[in-house]
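Here are the chains, one letter per residue:
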Amino acid sequence: MNRRIIRRLLPVLLAGAALPLLCARTNDFGLGRSMEIAVNMMRELSLRFVDEVDPDLLIEGAAEGMVRRLDPYTEYLSEEQMGDFDILTTGKYGGVGSLIRKRGDYVVFARPYRNSPADKAGLRIGDKILAIDGADARGFSVAEASGRMKGDPGTEVTLVVEHLLDGRVDTATLRRERIAIPGVPYAGWVADGIGYVQHSDFTEGCYDDLRAAVEGLAAEGDLRGLILDYRNNGGGILQEAVKILSMFVPKGTEVVTTRGRTDNKSFRTAADPILPELPLAVLVNGNTASAAEIVAGALQDLDRAVIVGQRSFGKGLVQSTRPLGYNTYLKLTTAKYYIPSGRCIQAVDYSRAREEGARSVPDSLIREYATQGGRKVYDGGGIMPDLFVPADTTDITPYFIEVVGRNILFRYTLRYADRHRDELGRVATVAGLMRLLDSDRTLLDDFVRYAASEGVAPDYRDIDRSHKLLQAQLRAYIGRNTALEDNGFYANIYPVDNVIVRAVGILNETREND
């Protein structure tokens, strides 16, 4: 057995030598027996298998097998995986600063962050990555391209890029920086006196981002209602959720408790609220999960907000990490969380997954609870909104899917922005953008002709059905190509977002009834 294998297996072998003490302390013969078998199996494989084996692969395979039948959230994190895990929890990494996605055989820039190395190098949405540090990027997965572009801040990476707008191929050397993924990609106004904040994750520091966004709106104008958009927010750090709730509910309010086999905790708000009376609407959908559900569910249970949209995902489980040595960790489910009414909104029961497989909580086991004001709410299946607004797909036609899916609509908006650079360059306000776009009566017709030149024949029945959605998308992407950036985008998108429209209506009714 070579020295590398001995070095990697030594901690495991020493752990095996300590098994009698462990078993005596826990009185768990089954655990001790299983651990001894695992150690013996690894030793035999490393000594006697016909080919030399990699101990890292052995332990990773063993770890995957141990957690496979528990739940999808418990996993072994190798030293290599810890970098990605840190990004998920902190929202920070060393790299060039852009979302990327796969399109065809190549990875393309989906959205460079403002003032990032990618943005400063002139890279734009849709630009195709042809090579990274001399390696042909054809066939790269998103993970592979991302891994090659990440690195220590201050180091350099050389990219060969084909620009979407004109097909020009450039070589750019970018100096990596410490990138902070914005937790609040947009905050603005959707109606007179009604602010809107899109909150995308619960990474470390997202409370500071959200508070700054809300205080910025309050400083800009007369903030009389606020929409918090948690759609497609998969959650993250529980403590950030507690701090966010402290902005809206009284100090000392219990907002969530966790209960596990070894530890029960109660979390209360620790600061005075900055907006204790401001009417709130919270938007959720089937991808709203975890910490995002804690915020939405607590505000619902405390009768502090109206929840609008579709039923949330239903993740009522809490994960913690435990060190295993050599910079490896175990991420495991340690508790369930319960929001102020006392309910747990976990939608899938994993407790008997080994014997029966995971299953949804049956209706017979769903229990009724009450909000602070006495309204009925239920456990066992996510957060059910107070105002259900189904996902509206009536305007989505085959024509719309093709022009969006083939990136034709987006390419057109880049060309439009290039042709009208002078007029768009003078836009300084949302109102000015709207006037400019309203004055162009031929926008949709011109786009249809462009799409036809790209091989998408006009289907006027589909175009008529999708015309509001097409117009909104065209105007939004053109608006993003002005100095207004996201303000120009969302100002044109929200009027066709039925969930936002209904939330605005609810908040306006609240103001009228006050």
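Caption draft 1: Representation of the side chain of Arg 343. With respect to the helices, strands and loops of the structure, Arg 343 is situated in the loop between strand E18 (328-338) and strand E19 (348-349). A residue is classified by how much of its surface remains accessible, and Arg 343, at 1% relative accessible area, is buried. A polar side-chain atom of Arg 343 sits 2.7 Å from a polar atom in the side chain of Gln 300. A polar side-chain atom of Arg 343 sits 2.7 Å from a polar atom in the side chain of Asp 301.

Caption draft 2: Quick look at helix H18 (residues 486-493). The element H18 is extensively covered by neighbouring structure, given that seven of its eight residues are classed as buried. In this structure, the buried residues of H18 make contact with strand E4 (106-112), strand E10 (186-191), strand E11 (194-198), helix H15 (430-439) and helix H17 (460-480).

Caption draft 3: Structural view of the environment of Val 403. Structurally, Val 403 can be placed in helix H12 (residues 398-405). Overall, Val 403 belongs to the buried group, its relative accessible area being 0%. As for Val 403 and Val 456, which are separated by 53 residues in sequence, their C-alpha atoms are 7.3 Å apart. Residues within four places of Val 403 in sequence aside, it is in contact with Ile 408, Leu 409, Phe 447, Ala 451, Val 456 and Leu 470.

Caption draft 4: Structural view of the packing of aromatic side chains. For the coordinates displayed, the defined rule picks out 11 aromatic pairs. Relative to Tyr 490, the ring of Tyr 186 lies with its centre 4.2 Å away and its plane at 25°, an arrangement referred to as stacked. Linking Tyr 186 in strand E10 with Tyr 490 in helix H18, this pair joins segments that are 304 residues apart in sequence. Residue Tyr 186 is classed as buried on the basis of its relative accessible area of 6%. Relative accessible area serves as the criterion here: at 11%, Tyr 490 is assigned to the buried category. Considering the side-chain rings of Phe 410 and Tyr 477, the 5.4 Å spacing of their centres and the 80° angle between planes classify their relative orientation as edge-to-face. Taken together, the residues span a long stretch of sequence, with Phe 410 in helix H13 (residues 408-419) and Tyr 477 in helix H17 at a distance of 67 residues. Members of the aromatic cluster, each reached through a chain of ring pairs, are Tyr 186, Tyr 196, Phe 410, Tyr 477, Phe 489 and Tyr 490. Seen from the ring of Tyr 93, Lys 150 lies directly overhead, with NZ or CZ sitting 5.6 Å from the centre. Lys 315 extends its terminal NZ or CZ atom over the ring of Tyr 73, reaching a point 4.6 Å from the ring centre.

Caption draft 5: Representation of the pattern of salt bridges. Within the structure shown, the criterion is met by 28 salt bridges. The salt bridge partner of Arg 111 is Asp 486, with a shortest N-O separation of 2.3 Å. Of this pair, Arg 111 sits in strand E4 while Asp 486 is found in helix H18, placing the two residues 375 residues apart along the sequence. Judged by its relative accessible area of 24%, Arg 111 is partly exposed. Residue class for Asp 486 comes out buried when judged on its relative accessible area of 12%. Where Asp 446 meets Arg 419, a salt bridge forms, and the shortest distance between an N and an O atom there is 3.2 Å. On the criterion of sequence distance, the pair formed by Asp 446 in helix H16 (residues 443-453) and Arg 419 in helix H13 is long-range, its members being 27 residues apart. Residue classification places Asp 446 among the partly exposed residues on the basis of a relative accessible area of 22%. Taking relative accessible area as the criterion, Arg 419 reaches 49% and is therefore assigned partly exposed. Within the structure, one salt-bridge network assembled from shared partners comprises Arg 111, Arg 480 and Asp 486.

About the cut-offs
- Residues numbered from 1 in each chain as written.
- Predicted model: local features only at pLDDT ≥ 70, side-chain atom pairs only at ≥ 80, totals over all residues.
- Heavy atoms only, no water.
- Helix = DSSP H or I, 4+ residues; strand = E, 2+ residues; numbered from the N terminus.
- Buried < 20%, exposed > 50% of the residue type's maximum accessible area, 1.4 Å probe, protein only.
- Polar contact = N/O pair within 3.5 Å; in protein donor to acceptor, adjacent residues only side chain to side chain.
- Contact = heavy atoms within 4.5 Å.
- Phe/Tyr/Trp six-rings, centres within 6.5 Å; stacked < 30°, edge-to-face > 60°.
- Lys NZ or Arg CZ within 6 Å of the ring centre and 35° of its normal.
- Salt bridge = Lys/Arg side-chain N within 4 Å of Asp/Glu carboxyl O.

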